[in-house]
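# Coordinate analysis (summary)
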Amino acid sequence: ILDSKQILSAGPFLYSVIQEGTPNISYLSRHSTIKILAHFLQQGHISNSRSRKAADLPLILVAPVDEKAGLSVVVGIPPFNDKTRKNFLGKAFEQTVKNTQTRFLIDYWDSSLIQIKTEDRSKFLDGLMGLLS
């Protein structure tokens with residue numbers, strides 16, 4: 001995951017997907033851990049990116065949280081250059097799951113952190129890209 005080429009631009013946001021079977025993935029089941037990882041990845045990508053636009057885009061990180069149940073956690077981090085630090089991604093996630101009929105679970109106090117069925121991951125990211133474009 002620490003390879004900067006694994007963070008891709010989807011137009012209105014950056015995203016990265018941690019694949020199933022990644023060693024020690026169970027540590028990401030805690031919401032605070034995955035948010036810290038997402039911030040770390042965002043800052044690392046910005047400092048290594050040739051694009052100035054990278055600091056103006058939010059980051060979406062998707063990681064498997066329960067492989068047996070087929071669940072992935074999705075976290076949204078606001079753009080690095082957004083000084084208000086208002087995270088609009090929670091509302092965008094809610095709208096996307098409604099529009100795409102993605103199976104989801106909001107199991108966290110932070111609405112920018114949700115669980116989705118792993119098989120709905122592509123549908124969710126495509127719907128989010130359409131919503132934010």
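Predicted model only: the values in this text are computed from it and were never measured.

Our next topic: unusual backbone geometry. Despite not being glycine, Gln-101 shows a phi value in the positive range, around 55°. Here Gln-101 shows up in the loop between helix H2 (89-100) and strand E5 (104-105). A residue is classified by how much of its surface remains accessible, and Gln-101, at 64% relative accessible area, is exposed.

For the protein chain, the average pLDDT comes to 88, and 95% of its residues sit at 70 or higher. Predicted confidence in the protein chain is weakest over E5, with a mean pLDDT of 86, and strongest over helix H3 (residues 121-132), with 95.

Moving on to the sheet that holds strand E6 (residues 113-117). The sheet built from 6 strands is open, its strands ordered E1-E2-E3-E4-E6-E5 with mixed pairing. Looking at which strands have only one partner, the edges of the open sheet turn out to be strand E1 (8-9) and E5. In this structure, strand E2 (residues 14-17) lies alongside strand E3 (residues 59-66), joined through 4 bridges in parallel fashion. Within the sheet, the bridge partner assigned to Tyr-15 lies in E3 and is Ile-60. Docked against the sheet, H2 engages E3, strand E4 (71-77), E5 and E6, running at close to 140° with respect to E4.

The next thing to look at is the packing of H2 against H3. Helix-helix packing is characterised by the crossing angle of the two axes and by the distance between the axes. Contact geometry of H2 with H3 gives a least axis separation of 9 Å together with a crossing angle of 115°. For the pair H2 and H3, the crossing hand works out as right-handed. On H3, the residues that touch Leu-89, Ala-92, Phe-93, Gln-95, Thr-96, Val-97, Asn-99 and Thr-100 of H2 are Lys-123, Phe-124, Gly-127, Leu-128, Leu-131 and Leu-132. Here the residues of the contact of H2 with H3 sort into 8 nonpolar, 5 polar and 1 charged.

This brings us to the pattern of salt bridges. Under the counting rule described, the total for this entry stands at 5 salt bridges. The salt bridge involving Arg-121 is made with Glu-20; its shortest N-O contact spans 3.7 Å. Taken as a pair, Arg-121 in helix H3 and Glu-20 in the loop between E2 and helix H1 (31-48) lie far apart in primary sequence, 101 residues in all. Judged by relative accessible area, which is 16%, Arg-121 ranks as buried. The exposure class of Glu-20 is partly exposed, given its relative accessible area of 34%. Counted as one network, the salt bridges with shared partners bring together Arg-103, Glu-119, Asp-120 and Lys-123.

On to H2. Taking 1.5 Å of rise per residue, 12 residues should cover 16 Å, and H2 covers 16 Å from first to last C-alpha, within 8% of that figure. For H2, every residue scored as buried is listed here: Leu-89, Gly-90, Ala-92, Phe-93, Thr-96, Val-97 and Thr-100. For H2, the angular spread of buried residues about the axis comes to 160°, placing them on one side. Residues Lys-91, Lys-98 and Asn-99 are exposed on H2 and point more than 90 degrees away from its buried face. Here the buried face of H2 lies against E3, E4, E5, E6 and H3. One or two residues past the end of H2 sits Gln-101, with phi positive at roughly 55°.

Reading the values: the criteria
Residues numbered from 1 in each chain as written. Predicted model: local features only at pLDDT ≥ 70, side-chain atom pairs only at ≥ 80, totals over all residues. Heavy atoms only, no water. Helix = DSSP H or I, 4+ residues; strand = E, 2+ residues; numbered from the N terminus. Buried < 20%, exposed > 50% of the residue type's maximum accessible area, 1.4 Å probe, protein only. pLDDT = per-residue confidence, 0-100. Pairing = 2+ DSSP bridges. Contact = heavy atoms within 4.5 Å. Axes fitted to C-alpha atoms, helices over the stretch in contact; angles between N-to-C directions. Left-handed = near helix turned anticlockwise from the far one by under 90°. Nonpolar A, V, L, I, M, F, W, Y, C, P; charged D, E, K, R; others polar. Salt bridge = Lys/Arg side-chain N within 4 Å of Asp/Glu carboxyl O. Expected span 1.5 Å × (residues − 1). Arc of directions from axis to C-beta.

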